[in-house]
Amino acid sequence: MSQESKNFYRKTLALVIPMALQNLINVGISSIDVIMLGKVGEKVLSGASLGAQVQFIMGLLLFGVTSGAAVLMAQYWGKRDMRSIETVFSIAVKIALAAGVLFTIAALAVPQVLMSFFTNDDEVMANGVLYLRVVGFSYIPNALTMIYLNSIRSMEKVGIGLVTYLFSLVTNIIVNALLIFGYFGFPKLGVMGAAAGTVAARIVEFIIVLIYDKKFNDVFTFHLKYLKIKNKGLESDFLKISAPVIANELMWGLGLSTMTAITGHLGSAATAANSVAQVCRNLATVIAFGVANAAAVMIGKAIGEGNKELAKIYGGRFIKLSIGTGIFGSLVLLCVRPVILSVLVLSDDARKLLSVMILIMSYYVIAQAYNTTLIVGIFRGGGDTRFGFFLDVAFMWGVSIIIGYIAAFMFGLPAVAVAFILYSDEVLKIPVSTWRYKTYKWLNDVTRT
C-alpha cells in the first residue's frame, strides 16, 4: 500500500469513526424512546413513533440545508477561504432558525392535524398529540445545533459532534427513566416523559455547542454579525446548490413518512413493527452514513484544492468502503433480530411482521449504504446535487410508494407484501446511480475565485 493510500485511510478513519459513533448515538436516542415505551404498550409506542415523524421531516429539511452548505464549505475549506465559509454558514443559520420556529408553532398549535396524516387510530393519535405538545419545545435548539455541527464537519471538525450527542444520550436515558416510569418519586408521565427526555437532551446539546464555539473551536467561531453578511454571488450559489439537496431530502423524508403513514393505516401492529424496523435500519447504517459524510468532505476538499484526479481516486475507494459497511450493517441486523423480538412487548401479529421486516431491512441496508455514499457523499462532494433528487422522485415516489399504496388500499395485500414493495427503491436505484458515477459528470468546482 502506497503512502498516499495510507494517508487516505488514516484521514477517512479520523472522519468516519467519530461520525459513525455520532450516528450510533443519534440512533440510540431514538431507540431509547422505542425500547422504553415498548415496555409501556403498543399504542403508546406507536403514538410517540408517529409523532417523531414531525421532527424527522424537520431534520431532513435541515440536513438538506447543511448538505448543500457543506458542498460549498468543503470546497472553500480546500481553498482556506474563511470569509466565504462564514457567509455560507450565516445563510444556513437563518434558514434553520426559520424552520425551527415554523415546526414549533405547528407542533404546539395543531398537533391533531399533524397526527391525522399518520394514523386513523384514536388512541395512537391521542398519544402522539401528547408527545408533540411537549417535544415541540426541542425543535429550535435542535435546529441550531444541527446546523452548527454539520457545518463545522465540512472543516474536518468531527469530534465535538460525538461528545455533544454522547451527553445528549445520557441525558435522554436519565430523564426518560425518571419520567416515563416515575422512578425515585418523579411523576409517571409515559409518552410525555419520553418527549420531556428529548427536550432535555436537545437543550444539553445546544449548551455544549455554545461552550465549544466560544471556548474551544480554533478554526471557526460564530458571531452574530455574520447574520448581516450580504453576498449576492454566494447567496445565488447557495440557492443553486442547496435547493436540489433540500428538495431531495424533503422528498426522501416525506417518502419515508408516507411509507410510515401507509403502514400506519394498516393497524397498530403494522405501525409498531415498522417503528422498530426503522430503528433497526438506522442502527445498521450508522457506519455507512459516516462513510458517505466523509466522502463529501474529502472529495469536496480535494476539488477545492484543484486536484480532480485525486477526487476520482477517492470516489472509487469510497464505493468499496460503502459495500463493506453495507454488508456489515446487514450482519448486525441479522444478529440482533432474535434479541429484539424477545425483548419488546408486542402483540403476536406485530412480532411476526417485525421478524419479516428485519429480514427485508437486512438486504435493503446494503443497497442504501451504496446509494447513500454515491449520492450524499461522492456526488454532493463534487457539486452534483440535482441527480439524487431525480433518483428519489423516480424510484421512491414513482415506483415504491405508488405501487405500495395500490397494493395496500386497492388490492388489500398483507402488510408483509406491502412492506416488501415499499422498501424496494434502494435496490432499484443501484444501476442508475452506478451509471452516473461512471460518467464523472458529478466532478465540479462550484467555488468562486
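Above this note sits the structure.
What counts, and where the lines are drawn
- Residues numbered from 1 in each chain as written.
- Predicted model: local features only at pLDDT ≥ 70, side-chain atom pairs only at ≥ 80, totals over all residues.
- Heavy atoms only, no water.
- Helix = DSSP H or I, 4+ residues; strand = E, 2+ residues; numbered from the N terminus.
- Rg over C-alpha atoms; globule rule 2.2 N^0.38 Å.
- Buried < 20%, exposed > 50% of the residue type's maximum accessible area, 1.4 Å probe, protein only.
- Contact = heavy atoms within 4.5 Å.
- Areas by Shrake-Rupley, 256 points an atom, 1.4 Å probe, with all protein chains shown as cover.
- 1 Å grid on protein atoms, 1.4 Å probe; cavity = no way out; pocket = protein on both sides within 12 Å on 5 of 7 lines; lining within 4 Å.
- Points joined across faces, edges and corners; volume = space filled by probe spheres on them.
- Nonpolar A, V, L, I, M, F, W, Y, C, P; charged D, E, K, R; others polar.
- Phe/Tyr/Trp six-rings, centres within 6.5 Å; stacked < 30°, edge-to-face > 60°.
- Lys NZ or Arg CZ within 6 Å of the ring centre and 35° of its normal.
- Axes fitted to C-alpha atoms, helices over the stretch in contact; angles between N-to-C directions.
- Parallel < 35°, antiparallel > 145°, perpendicular 65-115°, else oblique.
- Left-handed = near helix turned anticlockwise from the far one by under 90°.
- Patch = residues over 30% accessible without salt bridge, like charges linked within 9 Å, V, L, I, M, F, W, Y side chains within 5 Å.
- Salt bridge = Lys/Arg side-chain N within 4 Å of Asp/Glu carboxyl O.
- Core = buried A, V, L, I, M, F, W, Y, C linked by side-chain atoms within 4.5 Å.

## Quick word on the overall build of the protein
And then number 1: Summing up its helical and strand segments, the protein has 16 helices and 0 strands in all.
And then number 2: In summary, the protein has a C-alpha radius of gyration of 21 Å against a globular reference of 22 Å for 449 residues, a match within 12%.
And then number 3: Sorting the 449 residues of the protein into buried and exposed places 60% on the buried side.
And then number 4: Counting contacts in the protein only where the partners sit at least 6 residues apart, residues at least 24 apart contribute 84% of the total.
And then number 5: When the accessible surface of the protein is totalled, it reaches about 17700 Å², and 69% of it is carbon and sulfur.

## Looking at empty space enclosed by the protein
And then number 1: Inspection of the entire model under this criterion finds 3 cavities of 30 Å³ or more.
And then number 2: For the second largest cavity, the calculated volume is near 160 Å³.
And then number 3: What lines the second largest cavity is a set of 15 residues, and nearest its centre among them are Ser-67, Ala-70, Arg-153, Asn-293 and Ala-296.
And then number 4: Elements with a contribution of two residues or more to the lining of the second largest cavity: helix 2 (42–79), helix 6 (139–153), helix 11 (286–304) and helix 13 (348–381).
And then number 5: Of the residues forming the lining of the second largest cavity, the biggest block, 6 residues, is contributed by helix 2.
And then number 6: Per-class residue counts for the lining of the second largest cavity are 7 nonpolar, 6 polar and 2 charged.

## Remarks on the packing of aromatic side chains
And then number 1: The tally for this structure, following the rule as stated, stands at 16 aromatic pairs.
And then number 2: Judged by centre distance (5.8 Å) and plane angle (45 degrees), the rings of Tyr-440 and Trp-442 are tilted.
And then number 3: Taken together, the aromatic side chains of Phe-8, Tyr-9, Tyr-314 and Phe-318 make up a single cluster linked through ring pairs.
And then number 4: The lysine or arginine in question, Arg-80, covers the ring of Trp-77, its NZ or CZ lying 4.0 Å from the ring centre.
And then number 5: Between the NZ or CZ atom of Arg-317 and the centre of the ring of Phe-8, over which it lies, the distance is 5.0 Å.

## Some details on the packing of helix 14 (residues 387–409) against helix 15 (residues 415–422)
And then number 1: One way to put it is that helix 14 packs onto helix 15 with a least axis distance of 8 Å and a crossing angle of 170 degrees. One element, helix 14, and the other, helix 15, form an angle in the roughly antiparallel class. Where helix 14 abuts helix 15, its residues Ser-400, Ile-401, Ile-403, Gly-404, Ala-407 and Ala-408 lie against Val-418, Ile-421 and Leu-422.
And then number 2: Taken together, the residues that form the contact of helix 14 with helix 15 break down as 7 nonpolar, 2 polar and no charged.

## Quick word on unusual backbone geometry
Trans is the common state for peptide bonds, and a negative phi is the common state for residues other than glycine.
And then number 1: A positive phi angle, close to 60 degrees, is found at Arg-80, a residue other than glycine.
And then number 2: Tracing the chain through its elements places Arg-80 in the loop between helix 2 and helix 3 (82–109).
And then number 3: Positive phi outside glycine occurs at Phe-184, with the angle close to 55 degrees.
And then number 4: The residue Phe-184 is located in the loop between helix 7 (159–180) and helix 8 (191–215) in this model.

## Quick look at the packing of helix 7 against helix 8
And then number 1: As a packed pair, helix 7 and helix 8 sit with axes 8 Å apart at the nearest point and diverge in direction by 150 degrees. Compared by their axis directions, helix 7 and helix 8 come out roughly antiparallel. The element helix 7 and its partner helix 8 pack so that their crossing is right-handed.
And then number 2: For the contact of helix 7 with helix 8, the per-class residue count stands at 14 nonpolar, 8 polar and 2 charged.

## Regarding the environment of Gly-264
And then number 1: Within the secondary structure layout, Gly-264 lies in helix 9 (residues 232–264).
And then number 2: Its relative accessible area of 4% is what places Gly-264 among the buried residues.
And then number 3: A C-alpha to C-alpha distance of 29 Å links Gly-264 and Ala-96, two positions 168 residues apart in sequence.
And then number 4: Not counting residues within four places of it along the chain, the set of residues in contact with Gly-264 comprises Phe-118, Thr-119, Asn-120 and Thr-271.

## Here we look at a nonpolar patch on the surface
And then number 1: Together, Ile-323, Ile-327, Leu-331, Leu-334 and Leu-359 make up an exposed nonpolar region whose accessible area comes to about 410 Å².
And then number 2: When residues of the nonpolar patch are assigned to their parent elements, the largest contribution, 4 residues, is made by helix 12 (residues 308–343).
And then number 3: Take Leu-331: it is sitting in helix 12.

## Things to note about the nonpolar core
And then number 1: Grouped together as the largest cluster of nonpolar side chains are 118 residues, with contacts concentrated most on Phe-220 and Leu-354.
And then number 2: In terms of residue count, the dominant contributor to this core is helix 2 (18 residues).
And then number 3: Residue contacts for Phe-220: discarding those within four places in its chain leaves Met-82, Ile-85, Glu-86, Phe-89, Tyr-148, Ile-152, Met-155, Asp-213 and Tyr-226.
And then number 4: Of all hydrophobic cores here, the second largest spans 30 residues; its members include Phe-8, Ala-294, Tyr-314 and Leu-391.

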